[in-house]
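Geometric and topological summary
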Amino acid sequence: RQSKTCTQPQAMAGTSLDSANGREPIPKSTGLQINGAGNSLTKRHPAGKPENESASENTNQAHHAHSAEERKRLWKAAIKVPMYTVALSPTLVGTACVYYDTGMFSLFKMTLILLTSVCLIAWVNLSNDVFDTDTGIDKNKKESVVNLLGGDRKARNKTYLVANVFLLVGILSILRLCYDDTKEWSLERISSLSSYDFTSVALWATSIMLGYMYQGPPFRLGYLGLGEPICFSAWFVGISAMYYLQCSPVMVKSSLHGFSYLIFIVLSLKNSLCISASLVSLVTTIILFCSHFHQEADDLAAGKRSPIVRLGTYRASQVLVVMCVALYIIAVAGWYSNQLPWIALLLISLTLPNAWKLIAFGRANYMEPERIRPLKYYAVVLNFWFSVALCLGLAAGRWMKL
């Protein structure tokens, strides 16, 4: 009886304490605890962590997952895998031109030319990121390789080193392509300049130099608004080099004879090189032109007089229409002058919906920089299917000759 008397006041005291604070007694089974100040409740998980800390950890994990996903997306944009179709298209079309005109085809040479083109495109893309970092034009470009690596001097030098490795591999591939295979291999012959066709070397060197002059110091001709003419010229010369490498005659003994032979092919209306190289160069130039639309503010701030800065986005969207129409007019002219087979023109016409989508997207979004950002990828799709159609058309034209 005495123990009951002692226990009851203690229980009542606990109840009155909670009541005085305006709260009901909290059973231990609820998992709620009064904090140190005695003014708030904190729910604990069975593991013992407060619920607000657990929620904070979940938020941090979600943030890290989102950041990792965003970084992955930026790296994919920086690598620009779709843009490497601009290496595939001239290789395929140049090879198809040789096959249509002469019936010759070399899988080894085509593969090595493709490797060379991919290396040179990688060099152009990475070195352009470096040069744009130097001028500050890419400071707001999240998908720049330099910015993804840290944006500092070390990241810049690392990117430039990788770019030059790609250039070196491309040059070695070019030398292998230009090597005279009519005689046996030997260390003495490999080191002899007479073992190489310098017509091909000169053509590739010209194309590479044009690529450097676009953004590289001290030229930076792209900042003067000359990027599109340079792009067209570089691709035309490059396709000519690919054509020459696969069909140059054995009797060519000097660079003078080689260039004379190539000029004859380009100017001759009996060959497909001139018209095909013009088509591929133009559709590639359209990609470069479209890549400027969302960069008008950054180009203007950096003093880059790109076509979009000079024209404004509205007039530039009208120029895009003209370029696309010119593409198909040139194709019709090639068929009319017997430089392209009719089947090539028919297959090219199937790409008209791609051109229409490109034009429509540009006309609908030219005033909104973020929304028009994908415009260049519409141009990449057009470039790919147009080149495939031209390639298949030339191959089919050759089969019809047989």
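In terms of helices and strands, the protein carries 17 helices and two strands. Considering only contacts within the protein whose residues lie at least 6 apart along the sequence, 68% involve residues at least 24 apart. Working note: accessible area of the protein is about 21700 Å², and carbon and sulfur atoms make up 65% of it.

So, about the pattern of salt bridges. Counted under the stated rule, the structure contains three salt bridges. Across the pair Arg156 and Asp134 runs a salt bridge, and its minimum N-O distance is 2.9 Å. Here Arg156, found in helix α6 (residues 153–178), pairs with Asp134, found in helix α4 (residues 107–135); they are 22 residues apart in sequence, far enough to count as distant. On the accessibility criterion, Arg156 (13% relative accessible area) is buried. With a relative accessible area of 35%, Asp134 lands in the partly exposed category. Note that Glu368 is salt-bridged to Arg371, the shortest N-O span being 3.9 Å. Taking relative accessible area as the criterion, Glu368 reaches 35% and is therefore assigned partly exposed.

What follows deals with unusual backbone geometry. The step from Pro217 to Pro218 runs through a cis peptide bond, and the omega angle for that step is 0°. As for its placement among the helices and strands, Pro218 is situated in the loop between α8 (198–215) and α9 (227–247). We note that Arg220 has phi near 45°; this positive angle belongs to a residue other than glycine. Despite not being glycine, Asn338 shows a phi value in the positive range, around 65°. With respect to the helices and strands, Asn338 occurs in the loop between α14 (313–336) and α15 (342–349).

With that out of the way, let us pick up a nonpolar patch on the surface. On the surface, Val332, Trp335, Tyr336, Trp342, Leu346 and Met400 cluster together into a nonpolar patch covering about 690 Å² of accessible area. Put simply, the parts of the chain that give the nonpolar patch at least two residues each are α14 and α15. A total of three residues in the nonpolar patch trace back to one element, the largest contributor, which is α14. Considering the arrangement of structural elements, one finds Trp335 in helix α14.

Counting through the fold element by element, Arg71 comes out in helix α2 (residues 51–79). In this structure the C-alpha to C-alpha distance between Arg71 and Glu143, which are 72 residues apart in sequence, comes to 8.8 Å.

With that settled, the discussion passes to the nonpolar core. For soluble globular proteins, nonpolar side chains are generally found buried alongside one another. Grouped together as the largest cluster of nonpolar side chains are 82 residues, with contacts concentrated most on Trp204 and Leu358. Considering every element that reaches this core, the biggest residue donor is α9, with 13 residues. Aside from chain neighbours lying at most four places away, what touches Trp204 is Ile113, Thr116, Ser117, Leu120, Ile174, Cys178, Ala241, Met242 and Leu245.

The subject of this paragraph is the state of the cysteines. Applying the stated criterion across every chain, the model contains zero disulfides. Here Cys324 is not cross-linked by a disulfide; its sulfur's nearest cysteine counterpart is in Cys290, at 7.1 Å.

For the protein, the average pLDDT comes to 80, and 76% of its residues sit at 70 or higher. pLDDT under 50 marks residues 1–24. Its contacts with residues more than four places away, or in other chains, come to six contacts. Scored below 50 in pLDDT, residues 26–43 makes 23 contacts in the model with residues more than four places away or belonging to other chains.

What follows deals with the side chain of Asp101. Summarising the element assignment, Asp101 is placed in helix α3 (residues 85–102). In this structure the side chain of Asp101 is engaged in a polar contact, spanning 2.7 Å, whose partner is the side chain of Tyr243. If sequence neighbours within four positions are ignored, Asp101 has contacts with Tyr243, Lys270, Asn271, Ser272, Leu273 and Arg398.

Glancing now at the environment of Gly362. Here Gly362 is to be found in helix α16 (residues 352–365). On the accessibility criterion, Gly362 (1% relative accessible area) is buried. Taking the C-alpha atoms as reference points, Gly362 and Phe293, 69 residues apart in sequence, are found 8.9 Å from one another. Leave out the neighbours within four places in its chain, and Gly362 touches Ser317, Ile372 and Leu375.

A word on the packing of α4 against α6. It is the contact of α4 with α6, at a shortest axis distance of 8 Å, that shows an interaxial angle of 155°. Classified by the angle their axes make, α4 and α6 are roughly antiparallel. Here the hand of the crossing between α4 and α6 comes out left-handed.

The rules behind each value
Residues numbered from 1 in each chain as written. Predicted model: local features only at pLDDT ≥ 70, side-chain atom pairs only at ≥ 80, totals over all residues. Heavy atoms only, no water. Helix = DSSP H or I, 4+ residues; strand = E, 2+ residues; numbered from the N terminus. Contact = heavy atoms within 4.5 Å. Areas by Shrake-Rupley, 256 points an atom, 1.4 Å probe, with all protein chains shown as cover. Salt bridge = Lys/Arg side-chain N within 4 Å of Asp/Glu carboxyl O. Buried < 20%, exposed > 50% of the residue type's maximum accessible area, 1.4 Å probe, protein only. Patch = residues over 30% accessible without salt bridge, like charges linked within 9 Å, V, L, I, M, F, W, Y side chains within 5 Å. Core = buried A, V, L, I, M, F, W, Y, C linked by side-chain atoms within 4.5 Å. Disulfide = S-S within 2.5 Å. pLDDT = per-residue confidence, 0-100. Polar contact = N/O pair within 3.5 Å; in protein donor to acceptor, adjacent residues only side chain to side chain. Axes fitted to C-alpha atoms, helices over the stretch in contact; angles between N-to-C directions. Parallel < 35°, antiparallel > 145°, perpendicular 65-115°, else oblique. Left-handed = near helix turned anticlockwise from the far one by under 90°.

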